[in-house]
Each structure stands twice: as C-alpha cells, then as structure tokens.
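Chain by chain, the residues:
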Amino acid sequence: MGESYKVAVIGAGIAGLLTARELQRQGHHVTVFEKADKVGGNWIYTPRVETDPLGLDPNREIVHSSLYKSLRTNLPRQAMSFLDYPFLKKEDGDDQRTFPGHEEVLRFIEGFARDFGLMELIQFGHQVIRVELVDEVTHEWVVESRIDSMRESKEELFEAVVICTGKESEPKIAEFPGRDSWPGLQIHSHNYRTPEQFENKIVVIIGNGASAVDLLKGISPLAKQVHVAVRSSFPMLRVENYDNAWEHSMIECAHKDGKVVFQDGAIVDADVIIHCTGYKYNYPFLKSNGIVTVDDNRVGPMYKHVFPPSLAPWLSFVGITTRAVVFRVMELQARWVAKVLSGTVELPSQKAMSSSVEELYGEMEKQGLPKNHTHSLAEAEVEYANWLAAQLNIKPPKMWKELTVVSIVKGVVQYGENFRDTWDIDKWIEEIDSPD
C-alpha cells in the first residue's frame, strides 16, 4: 500500500463500482455519488422516458437509462466478466442465456457491489451538480451534490475525483433540412422502451447500429412500414428478412406535409422518425476552466483516455472508450487509476502525456479519422488492454487477443440478427481459452 487519499467517484454504474473497488483495495477513502436509488447506471431499466423525446430541451427531466424492455447484451457473458469475478450462469437463475437480457446483467452488477462491500460507500439519490478544483497546491476538489427531494445542495472536499458517468444519456440527433418543422413524432432511441405505440404506423429509423437492428426487429411486426436510413450498409441489418421494411440512404429533407425524402430519391409519408444515432459525452457538472473540453465527441486532452495531463492524477475518467469489450477495459482503467493515486504505478511527466495526446490526434488526422472516433478502440482494443495490463504487471489472458469487439462483430455479421440464439459462442470461447 502506498499513499492514501480521499477520493470521490461520480456514478455507481459498472465503471464507478469497479473504480470504487480498486480504490478501496489500494487503501483510499472512497465516496461514490449516485443520482439513482440503486446501483447499475445504464443497466437499470425504467419505463419512464424523458418529457422531450428527442432530448433537445435543456430543461427536460433527464432519465439516465437508455434500456428498452427487450434489450439483450451484444457481448457474451464471458466478455462481461471481471478478472476475479466471472459472470456465471446460475443454476437456479432465471436467465441462462450466454447473451442475457438486461435484468440478468443488473443482477450481476448488484451481486458485485454486494460481494465487495461497496454499497456502504455510495450516497444514493445524490445528483452531482459541480466538480471544481478549489486549491491547486493541495489538489483540493469540491463536489457539490443535491439530494433528490431537497432544494439545497451540500459541498464536500476531496483530494481526487474519478468521473464514471457513462456516455449514454445525452442523445445525438441526426441533422437534416426540415427536421424541426416536420409534423410527425420524432424520438431518439434513448426514449424507446416498447413497440406498441408504432402499431400501424409508417416508421423511419435512422442508423444501422445495434439499437437500430433491435428496434427494426421489435417494431416491424406491428408497424405498417419501416424505412431504415443508413449512411453505409451494415451486414447485420437485413431488411430483406421483413416484408414491410426497406433500406434507404440518409434523409435528404423532411417536409411540413409529413413527407420524408431520402437521398436515393424515395419519398415516404411517415408518421414517426426514430433517431438511433448515438450519444454525446456530457459533463455539465465539471468546472475545469476550459482544461477539459468536449469537441465533436472528443473529450480532451486525455492521456490514454483516462487522465487530463495538467490535472493528473487528481482528476480521471473511467469508461469513456467505445467499440471494445468495455467491462474488461473499465476494470483495467480503474486499477490503473487506483494504483497511480497510491503511488505504486507512475505516470509520465505532464509534458510527455500531452505529447502522447498530440501524437494520437496527429495520427488520426493523417488517417482522415474524424474527432468523434477518438475514444473508439476497435482494432486498437487488444493493444490498449495489453498496454494497461503492462502498467499493472498483469499477464494478459490468451482470451483477450481472440475475444474482442472486432471478433464478435465478425460473428454477428456471419450469423445475422439472431446471432444471440444461433451462434454457439460458448463452444468457440472454450476452444480459444483452452491451453495450447
């Protein structure tokens, strides 16, 4: 054990719980702030949706969760296990599936929080409204939070803050001419729960990610027609499997009479447009004097997606990377943060960290990658996980190299939209995990 600090963790989803566990293991004094009344973050299902279905109104009542009722995981349990805490099928459990429903994931998260004694570290019903550095010399941070039912807020001082608020509660909306004056219903998938309201409707879905595929599957049996607008065709989205679904290029414009015009020339009299267009990183509570910014979904500057160089190690972020086996990556990030704070693992100099960030940005520019791909690991996932493991003296399990988001996407493409039930992934994982 090295240094011991008073650390605030913002959020009690997966990232926050992993971080709290690792900080506690390193002997730090941890307080977790959680807006909800239970652990789980985005894995807490609620039928409630926001008052503004597109999520544009800044005064709307914000609902954190984006779960729809039918959601099942895109990753198998084995990819959602932690190094010393596997996501096992329980013999007496309700959901034995390898790609389980969200209720099973929440049970796993609750069990993790209970088994590691994390519940007593959490202040439930506390919405954080301000995180600010108040003393640079003593690296003293103020965390101001408001209790659900009360108007007044309270302030507490900490020596370090870890932000673990997730990235799926601030919707990103498609832009097209006529969007704001189009008369039909527009919603973001963040506010989709069940398909009944689309019965006999002509629905346009924008996007071709996992949620677009799931929504097409859920809505098409009830809807009159479903039209999917995509930038590029994704092999998992197979409209030919439905007799009332069509694929188009993106929306050219929308008219006041309800018509939606696609770039391929098709015109549809639609009732509903659903934006399955992703999310924006959003930290309205963080007052960093402009040091940490979000620019076209690039949170920066961020050394290895975790530490802002000039505020490290006293401010860090866990869980902002995407297109990866995220539970694995978050566990490694959480361990890294905890060990850096305790002094058992060293960070490079501020200058070296800043250079590393600039190098990444330069490399992305050279490859023509937009800023909003900054935290998307994809092909770089194995290299990143191995780099973190090396900081922590962990020998990467063989499975890390094989069981990646890229390999799972390949399987999904091969097996199509019913991959969760047709792909015997357990057998494949057993083969890759067996000793040579």
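That block above? That's the structure.
Just so it is clear, the structure is predicted and the values come from calculations on it, not from any experiment.

Q: Can you break down the overall build of the chain residue by residue, with the values?
A: When helices and strands are counted, the chain shows ten helices and 19 strands. Its C-alpha atoms give the chain a radius of gyration of 22 Å, near enough to 22 Å, the size a compact globule of 436 residues would have. Projected onto its principal axes, the C-alpha coordinates of the chain cover approximately 65 × 55 × 50 Å. Per-residue burial for the chain yields a buried fraction of 53% across its 436 residues. Taking all contacts inside the chain whose residues are at least 6 apart in sequence as the whole, residues at least 24 apart take part in 63%.

Q: Break down helix α1 (residues 14-25) for me, citing the residues and quoting the values.
A: Along its twelve residues, α1 runs 17 Å from first to last C-alpha, staying within 8% of the 16 Å computed at 1.5 Å per residue. Burial analysis of α1 places ten of its twelve residues in the buried class, which makes it a mostly covered element. Looking at α1, one finds that the buried residues are I14, A15, G16, L17, L18, T19, A20, R21, E22 and L23. As for α1, its buried residues are in contact with β1 (6-10), β2 (29-34), α2 (102-115), β3 (122-124), β7 (160-163) and α4 (326-342). Phi turns positive, to about 85 degrees, at G27, one or two residues after α1.

Q: Explain the pattern of salt bridges to me, and be specific about the residues and the numbers.
A: Where charged atoms from two side chains of opposite charge come close, those side chains can pair. For the structure shown, the criterion picks out 28 salt bridges. Taking the shortest distance from any N to any O, the salt bridge between R21 and E22 comes out at 3.1 Å. Per residue, the accessibility class of R21 equals that of E22, and both read buried. Here D295 ties to K371 by a salt bridge, and the two come within 2.5 Å at their closest N and O atoms.

Q: Requested: an account of the side chain of H190, with residues and values cited.
A: Position of H190 among the secondary structure elements: in the loop between β8 (185-188) and β9 (202-206). Residue classification places H190 among the buried residues on the basis of a relative accessible area of 0%. In this structure the side chain of H190 is engaged in a polar contact, spanning 3.1 Å, whose partner is the side chain of E50. Setting aside residues no more than four positions away along its own chain, H190 makes contact with E50, V63, H64, S65, S66, E168, S169, P171 and Y279.

Q: I'd love a proper account of the packing of α1 against α4, names of residues and values included.
A: Where α1 meets α4, the closest approach of the two axes is 8 Å, and the angle between their N-to-C directions is 35 degrees. The interaxial crossing formed by α1 with α4 has right-handed handedness. Two secondary-structure elements touch here, α1 through I14, A15, L18, T19, R21, E22, L23 and R25 and α4 through F327, M330, E331, A334, R335, A338 and L341.

Q: Describe in detail the sheet that holds strand β19 (residues 315-317), supporting the description with residues and values.
A: The five strands lie next to each other as β3-β2-β1-β7-β19, forming an open sheet whose pairing is parallel. Of all the strands in the sheet, the pair left with one neighbour each is β3 and β19. If you compare each strand with its neighbour and ignore which way they point, the axes differ by 20 degrees on average.

Q: Could you give me a rundown of the packing of aromatic side chains, with the residues and numbers involved?
A: Per the counting criterion, the structure on display carries 21 aromatic pairs. Considering the side-chain rings of F33 and F158, the 5.8 Å spacing of their centres and the 85 degrees angle between planes classify their relative orientation as edge-to-face. Residue F33 is located in strand β2, and its partner F158 is located in strand β6 (residues 153-158); the two are separated by 125 residues in the primary sequence. Among the residues examined, F33 registers a relative accessible area of 2% and is labelled buried. Overall, F158 belongs to the buried group, its relative accessible area being 1%. Centroid distance Y85 to F112: 5.3 Å. Interplanar angle 75 degrees. Geometry classified as edge-to-face. Within this pair, whereas Y85 is found in the loop between β2 and α2, its partner F112 is found in helix α2, the two being separated by 27 residues in sequence. Looking at Y85, the relative accessible area reads 15%, which means it is buried. Through a chain of ring-to-ring contacts, three or more aromatic side chains come together here, namely F82, Y85, F87, F108, F112, F116 and F327. Its end group placed over the ring of W387, K304 keeps NZ or CZ at 4.5 Å from the ring centre.

Criteria and cut-off values
- Residues numbered from 1 in each chain as written.
- Predicted model: local features only at pLDDT ≥ 70, side-chain atom pairs only at ≥ 80, totals over all residues.
- Heavy atoms only, no water.
- Helix = DSSP H or I, 4+ residues; strand = E, 2+ residues; numbered from the N terminus.
- Rg over C-alpha atoms; globule rule 2.2 N^0.38 Å.
- Buried < 20%, exposed > 50% of the residue type's maximum accessible area, 1.4 Å probe, protein only.
- Contact = heavy atoms within 4.5 Å.
- Expected span 1.5 Å × (residues − 1).
- Salt bridge = Lys/Arg side-chain N within 4 Å of Asp/Glu carboxyl O.
- Polar contact = N/O pair within 3.5 Å; in protein donor to acceptor, adjacent residues only side chain to side chain.
- Axes fitted to C-alpha atoms, helices over the stretch in contact; angles between N-to-C directions.
- Left-handed = near helix turned anticlockwise from the far one by under 90°.
- Pairing = 2+ DSSP bridges.
- Phe/Tyr/Trp six-rings, centres within 6.5 Å; stacked < 30°, edge-to-face > 60°.
- Lys NZ or Arg CZ within 6 Å of the ring centre and 35° of its normal.

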